[in-house]
Amino acid sequence: MSSDEPLILGIETSCDETGIGIVRGRDLLANALASSAPEHARFGGVVPEVASRAHLEAMLPTIDLACSQAGISMSDIDAVAVTAGPGLVGALIVGVASAKAIALGLGIPIYGVNHLAAHVMVDELEHGPLPEPVVGLLVSGGHSSLITVSDGHFEGLGHTLDDAAGEAFDKVARLLGLPFPGGPMIDQAAQSGDRDSIDFPRALRTDPVHAFNFSFSGLKTAVARWVKEQQRAGNTISVPDVAASVQEAIADILTSKAVMAAVAQDAPHLVIAGGVAANSRLRALAAERCAVAGIELRVPSPGLCTDNGAMVAALGSHLVRIGAAPSPVDFPVASTLAVDRVHF
Ligand code: KG4
Ligand code: ZN
């Protein structure tokens, strides 16, 4: 570790995880997380007001925890980065207000950053500088996009026309009676299932107009219809088989389009990021298909794919490294920030 590189604090509060990360350069020193997921479970989805309050309660203890993990004190921090969007407005406000207070109190620069770009940049902490040009498959609870990163610019190639991949996992899990958040539950149930048992649809597979777009709402409907038909016929439903087949449909369409995008963009590298990138089948299928296509695949460890503070600190560190101007102290929260706006 080079001790002359600035020490960056990252704050993430866009959804239900209060994440505090500390990095120096590309070295991860701390990654503290407090989750309010259990508080949302009985509602089957994140309740914004509950998430905001939980962020407020978790903020200072989680910062303290991160500082002790890193063996630093607050006064050692050189710059603070915080998720400004996209995400839940009330949740974002807690993180942004906290970050502004820290920046003003310590007299250090602040960077209001894009959560989606942060998901991609966290990969640098494990695999070094992001090669360019690179195609990114960004798959989370709220987003499913194909992007390119070239000369530090993020650009959208395509996106989902309806549900995000994570949303599809969560909704199908709910249909199957699995607890929220459903993605990890489907992943787990699928381990003992047969992924070829049910042929669920792969939407927009061959539609040239939507080559880089996705659609997942029909998948959820197809699963609901299939489950109803089986119940009507008096058949027992194998949750592992349904989970494995749905997971296969999602992993298949995501990886085939991502590889196609990398080939079309002449990009020798593909990075997969966001909570759904933690999915074991998506990771395995992507590795297989990238190897066949001669594309180098980069995917962060599962724990860095789901929301965390390290990713925000990683993007902050990148911005400091390239000499980006800090954000003005009155930058807003932006619940619907587009991927090409990396920071304010
Ligand atoms: O990036 P993320 O942590 O939060 C958002 O920015 O939305 O992504 C959360 C999403 C949820 O839909 C969750 O079910 C999904 O990622 N997810 C998974 C897995 N782990 C998390 N989906 C499939 N398999 C997993 N192992
Ligand atoms: Zn996320």
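What counts, and where the lines are drawn
- Residues numbered from 1 in each chain as written.
- Chains lettered and ligands numbered in written order.
- Predicted model: local features only at pLDDT ≥ 70, side-chain atom pairs only at ≥ 80, totals over all residues.
- Heavy atoms only, no water.
- Helix = DSSP H or I, 4+ residues; strand = E, 2+ residues; numbered from the N terminus.
- Rg over C-alpha atoms; globule rule 2.2 N^0.38 Å.
- Contact = heavy atoms within 4.5 Å.
- Lys, Arg positive; Asp, Glu negative; His and termini not counted.
- Charge placed at Lys NZ, Arg CZ, Asp CG, Glu CD.
- Near = heavy atom within 4 Å.
- Polar contact = N/O pair within 3.5 Å; in protein donor to acceptor, adjacent residues only side chain to side chain.
- Areas by Shrake-Rupley, 256 points an atom, 1.4 Å probe, with all protein chains shown as cover.
- Nonpolar A, V, L, I, M, F, W, Y, C, P; charged D, E, K, R; others polar.
- Domains from an automatic or database assignment.
- Buried area = accessible area lost by both parts, 1.4 Å probe.
- Salt bridge = Lys/Arg side-chain N within 4 Å of Asp/Glu carboxyl O.
- Core = buried A, V, L, I, M, F, W, Y, C linked by side-chain atoms within 4.5 Å.
- Buried < 20%, exposed > 50% of the residue type's maximum accessible area, 1.4 Å probe, protein only.
- Pairing = 2+ DSSP bridges.
- Axes fitted to C-alpha atoms, helices over the stretch in contact; angles between N-to-C directions.
- Donors = N, O, S within 2.8 Å, 3.2 Å for Na, K, Ca; no water.
- Arc of directions from axis to C-beta.

1. Structural notes on the overall build of the protein chain
Within the protein chain, the secondary structure is distributed over 12 helices and 10 strands. Taking 344 residues into account, the globule formula puts the C-alpha radius of gyration at 20 Å, and the protein chain, at 20 Å, falls close to it. Considering only C-alpha atoms, the protein chain reaches an extent of 65 × 45 × 30 Å along its principal axes. Long-range contacts, defined here as pairs at least 24 residues apart, represent 73% of the contacts in the protein chain between residues at least 6 apart. The averaged location of the 37 negative side-chain charges in the protein chain is 7 Å from the averaged location of its 21 positive side-chain charges.

2. Some words on the site of ligand 1
Within the structure, ligand 1 sits among 18 residues, and Gly 141, Asp 170, Asp 187, Gly 275 and Asp 307 are positioned closest to it. Interatomic distance of 2.9 Å between a side-chain N/O atom of Asp 187 and a nitrogen atom of ligand 1. Burial of ligand 1 by the surrounding chains reaches 88%, relative to a free accessible area of 550 Å². Of all the secondary-structure elements, those providing two or more residues to the shell around ligand 1 are helix 4 (115–121), helix 6 (165–175) and helix 7 (182–190). Grouping the constituent residues of the shell around ligand 1 by class yields 4 nonpolar, 11 polar and 3 charged.

3. Section: the domain arrangement of the protein chain
By the assigned domains, the protein chain splits into domain 1 (7–122 + 308–321) and domain 2 (131–300). The centre of domain 1, based on its C-alpha atoms, is set 27 Å off from the matching centre of domain 2. Taken together, the contact between domain 1 and domain 2 spans 14 residues of the former and 11 residues of the latter. Interface of domain 1 and domain 2: buried area, both sides summed, is about 1000 Å²; carbon and sulfur atoms make up 80% of it. It is Leu 116, His 119 and Val 120 in domain 1 that bury the most area against domain 2; as a group they hold 47% of the surface buried on that side. Put simply, domain 1 and domain 2 have 0 salt bridges between them. Here domain 1 is connected to domain 2 by 0 residue pairs in polar contact (both at pLDDT 80 or more). The leading source of residues in the side of domain 1 that touches domain 2 is helix 4, at 5 residues. When the residues that make up the side of domain 1 that touches domain 2 are grouped by side-chain class, the tally is 9 nonpolar, 4 polar and 1 charged.

4. A short note on the nonpolar core
Counting 47 residues, the largest nonpolar core has Phe 200, Phe 216, Ile 250, Leu 254 and Ile 272 as the members making the most contacts within it. Among the elements that make up this core, the one with the highest residue count is helix 9 (residues 239–264) (13 residues). Residues contacting Ile 250, with those up to four places away along its chain left out, are Ala 165, Ala 168, Phe 169, Phe 216 and Leu 219. With 32 residues, the next largest nonpolar core counts Val 113, Ala 118, Val 120 and Met 121 among its residues.

5. Considerations on the sheet that holds strand 10 (residues 296–298)
With respect to topology, 5 strands assemble into an open sheet ordered 8-7-6-9-10, the strand pairing being mixed. Two strands in the sheet have a free side with no partner beyond their single neighbour: strand 8 (153–159) and strand 10. On average, each strand axis in the sheet is tilted by 25° relative to the strand beside it, whichever way the strands run. Summarising the sheet, strand 6 (residues 134–139) and strand 9 (residues 269–273) pair through 5 bridges and their orientation is parallel. Each residue of the ladder has a partner; that of Gly 136, found in strand 9, is Val 271. Sheet strands touched by helix 9: strand 6, strand 7 (144–150), strand 8 and strand 9. Its angle to strand 6, the strand with the most contacts, is close to 155°. Contacting strand 6, strand 9 and strand 10, helix 10 (residues 280–293) runs over the sheet at an angle of about 160° to strand 10.

6. Focus: the coordination of the zinc ion (ligand 2)
Donor atoms from the polypeptide that bind the zinc ion (ligand 2) are His 115 (NE2), His 119 (NE2) and Asp 307 (OD), placed at 2.0 to 2.1 Å. One chain supplies every donor for the zinc ion (ligand 2), spaced along it as H-x3-H-x187-D. Placement of His 119 in helix 4 and of Asp 307 in the loop between helix 11 (302–305) and helix 12 (309–321) is noted, with a sequence separation of 188 residues between them. On the basis of relative accessible area, His 119 is assigned to the buried category, the value being 1%. Overall, Asp 307 belongs to the buried group, its relative accessible area being 16%.

7. Digging into helix 6
Regarding helix 6, the residues found buried are Ala 165, Gly 166, Ala 168, Phe 169, Val 172 and Ala 173. Around the axis of helix 6, the buried residues are gathered within 160° of arc, so they sit on the same side. One or two positions beyond helix 6, positive phi appears at Gly 177, with a value near 80°.

8. Considerations on the sheet that holds strand 5 (residues 110–114)
One open sheet accounts for 5 strands, arranged 3-2-1-4-5; its pairing is mixed. In this open sheet, the two strands that pair with only one neighbour each are strand 3 (27–35) and strand 5. Ignoring which end each strand starts from, the neighbouring axes of this sheet average 20° apart. For strand 1 (residues 7–12) and strand 4 (residues 79–85), the ladder comprises 4 bridges, and the chain directions are parallel. Note that in strand 4 the partner of Ile 8 across the bridge is Ala 79.

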